[in-house]
Each structure stands twice: as C-alpha cells, then as structure tokens.
Amino acid sequence: YGSTRPERILAEVKSKATRGDARSVVDTIDQYCRHQEWAMNVGDEKGTILDSIVCEVKPRAMLELGTYCGYSAVRIASLLPPNSRLITMEFNPVFAAIARQVIAWAGVEDKVVLIEGPSGDWIPKMKKEFGLTSFDLVFLDHWKDCYLPDTKLMEECGLLRTGSILVADNVICPGAPDYLEYVRGSPRYESKYFRSHLEYTRVEDGIEKSVFLG
Ligand SMILES: Oc1cc(-c2ccc(F)cc2)cc2cccnc12
Ligand SMILES: [Mg+2]
C-alpha cells in the first residue's frame, strides 16, 4: 500500500529536520515541496508575508483555519510572543494526525492547540471551550468556499473585536471571490492585497489582509 503525501512530508521532516528547530522544519518542507513533490503549504514566498503580519500584530490569541501538515502552524508558532496561543483547526483526520507530529517535532506544541472537526461546528464553541474573548489574528487557509461563511460566523459569535485582523491565503488561486467581494466591499473592513505566487510555482496568487473595524 502506498503512503500519503502528508506521510511522505512527515518522513522527510523526521529524517532531515533538526528536532526542536522550527525553522529547520519549515525549510525542510519547503525544500521537499519545491523539488520533490508539490503540496498545499502556504510556502516560503507567501509565508514571508504572513511572518511580517504576525510579527507586526504580536497576537496573544490567534486562530488558523486549515492546518494540513502543520507547516504554517510551525511557522507562526515560532514567531509568537511568550504565553500566546495558536489554535489551529483541521477537518481531515489524516492531515491532523500528521500535523500533530510535525508540530511536536518542531518543538512548538506548547504554543499550538490543534482541534479536529468542521470549522462551522467549532467556531460557535470557541469562546466557552477556550475561555477566549476574541482573536487578534485569524489565518484563513482552508476550503475557499468556507472563508465567507466562517467569517460571518466569527462576527456573529463575537470572536472579532475592533482591530482584529483576517489574513486569507489563496484569494486568487484557487480563489475566494465571494470572500474578496465581502471584505473589500464592506464598510466594516479595511482590506489590502499582497500580490505573490502560488506556493512553489510562478502562478499568481496572493494574500488578503483585512482589519475588522467593529
Ligand atoms: O494554498 C492552497 C493551494 C491549493 C491549490 C490546489 C491545487 C491547485 F492546482 C492550486 C492551488 C489548495 C488549497 C486548499 C486549502 C488551503 N490552501 C490551498
Ligand atoms: Mg493555502
């Protein structure tokens, strides 16, 4: 029986990356996915844009929708200030199982809480489950047709405060047109597009950064 792509990525991390070194895990995955087999990590180019926003915001409470193999969770966690938390949500149990191991290998498990299940089910429970008031920063990197409904749900559940920032991957490729139209057209958001490329390719893609104005 064949291994899955996430399993091959984990094997590469275990054989090539230094245990406890988040940067080496990130670089190992980028090397593998650029030269061996493509995978849907945010990647090095868009990852640098994400890094700059995380460093600017210094979030105490951050949410990631769409963990996949844990590449961006590791990247983000390595930049978080002490006693900050990244909650990352993954619907696919196979991806979640791999991500847990990648996050552990990188040594950032004390900053990351991985929850499994559909975002639509979890978002209404977040406040109670995690004793949260709101998220300072949200990274949307899951299925593109969930970006808009999940954003509206976060608004309704009071998980966004004045100044909360949404960062969305793949707004061009595969694209999230309804989400873009919403955050760019709504008076409740101040939105900005960061032009880049689809991870490990020359195809255009980009990240949309949107500040919730309350
Ligand atoms: O960064 C991503 C990229 C793609 C993607 C897949 C196939 C393509 F041909 C192009 C792009 C899918 C994602 C799904 C979820 C989160 N991120 C994704
Ligand atoms: Mg993506």
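Our subject is the structure listed above.
What you see is a predicted model, and the numbers here were worked out from it, not measured in a lab.

1. Regarding the site of ligand 1
Next, step 1: Ligand 1 sits among W38, M40, D141, H142, W143, K144, D169, N170, C173, P174, L198 and E199.
Next, step 2: Here an oxygen atom of ligand 1 and a side-chain polar atom of D169 are 3.3 Å apart.
Next, step 3: Look at ligand 1: alone it shows 410 Å² of surface, and the protein chains cover 73% of it.
Next, step 4: Residues that form the shell around ligand 1 fall into these classes: six nonpolar, two polar and four charged.

2. Structural notes on the pairing of strand β5 (residues 160-168)
Next, step 1: Across five bridges, strand β4 (residues 135-140) lies against β5 in parallel orientation. Residue pairing across strands places F135 opposite L160, the latter belonging to β5.

3. Concerning the coordination of the magnesium ion (ligand 2)
Next, step 1: Taken together, the protein donors to the magnesium ion (ligand 2) comprise D141 (OD), D169 (OD) and N170 (OD1), at separations of 2.0 to 2.2 Å.
Next, step 2: All donors of the magnesium ion (ligand 2) belong to a single chain; written as a sequence motif, their spacing is D-x27-D-N. Of this pair, D141 sits in the loop between β4 and α8 (147-156) while N170 is found in the loop between β5 and α9 (171-175), placing the two residues 29 residues apart along the sequence.
Next, step 3: We classify D141 as buried; its relative accessible area is 13%.

4. Digging into α8
Next, step 1: For α8, the full list of buried residues reads Y147, L148, D150, T151, M154 and E155. One face of α8 carries all of its buried residues, which in axial projection span an arc of 165 degrees.
Next, step 2: Positive phi appears at G158, one or two residues downstream of α8, with a value of about 70 degrees.

5. Remarks on helix α1 (residues 5-16)
Next, step 1: Over its twelve residues, α1 extends 16 Å from the first C-alpha to the last, a length consistent with the 16 Å expected when each residue adds 1.5 Å.
Next, step 2: Residues of α1 that are buried include every one of P6, I9, L10, E12 and V13, and no others. When α1 is viewed along its axis, its buried side chains cluster within an angular range of 160 degrees and face the same direction.
Next, step 3: Those residues of α1 hidden inside the fold are in contact with α2 (22-35) and α5 (93-106).

6. A short note on a nonpolar patch on the surface
Next, step 1: The grouping of W38, M40, F91 and W143 at the surface amounts to a nonpolar patch, some 450 Å² of accessible area in total.
Next, step 2: The residue W143 is located in the loop between β4 and α8 in this model.

7. Observations concerning the side chain of S134
Next, step 1: You can see S134 is positioned in the loop between α7 (126-130) and β4.
Next, step 2: For S134, a relative accessible area of 12% corresponds to the buried category.

8. Section: the pattern of salt bridges
Next, step 1: Summed over all chains, the structure comprises 16 salt bridges.
Next, step 2: Residue R8 pairs with E37 through a salt bridge whose shortest N-O separation is 2.6 Å. One end of the pair, R8, is in helix α1; the other, E37, is in the loop between α2 and α3 (43-57), with 29 residues separating them in the sequence.
Next, step 3: Its relative accessible area of 15% is what places E37 among the buried residues.
Next, step 4: R34 is the salt-bridge partner of D44, the closest N and O atoms lying 3.1 Å from each other. On the criterion of sequence distance, the pair formed by D44 in helix α3 and R34 in helix α2 is long-range, its members being ten residues apart.
Next, step 5: For D44, a relative accessible area of 26% corresponds to the partly exposed category.
Next, step 6: Through salt bridges with shared partners, a single network forms among K46, D169, E199 and D205.

What counts and what doesn't
- Residues numbered from 1 in each chain as written.
- Chains lettered and ligands numbered in written order.
- Predicted model: local features only at pLDDT ≥ 70, side-chain atom pairs only at ≥ 80, totals over all residues.
- Heavy atoms only, no water.
- Near = heavy atom within 4 Å.
- Polar contact = N/O pair within 3.5 Å; in protein donor to acceptor, adjacent residues only side chain to side chain.
- Areas by Shrake-Rupley, 256 points an atom, 1.4 Å probe, with all protein chains shown as cover.
- Nonpolar A, V, L, I, M, F, W, Y, C, P; charged D, E, K, R; others polar.
- Pairing = 2+ DSSP bridges.
- Helix = DSSP H or I, 4+ residues; strand = E, 2+ residues; numbered from the N terminus.
- Donors = N, O, S within 2.8 Å, 3.2 Å for Na, K, Ca; no water.
- Buried < 20%, exposed > 50% of the residue type's maximum accessible area, 1.4 Å probe, protein only.
- Arc of directions from axis to C-beta.
- Expected span 1.5 Å × (residues − 1).
- Contact = heavy atoms within 4.5 Å.
- Patch = residues over 30% accessible without salt bridge, like charges linked within 9 Å, V, L, I, M, F, W, Y side chains within 5 Å.
- Salt bridge = Lys/Arg side-chain N within 4 Å of Asp/Glu carboxyl O.

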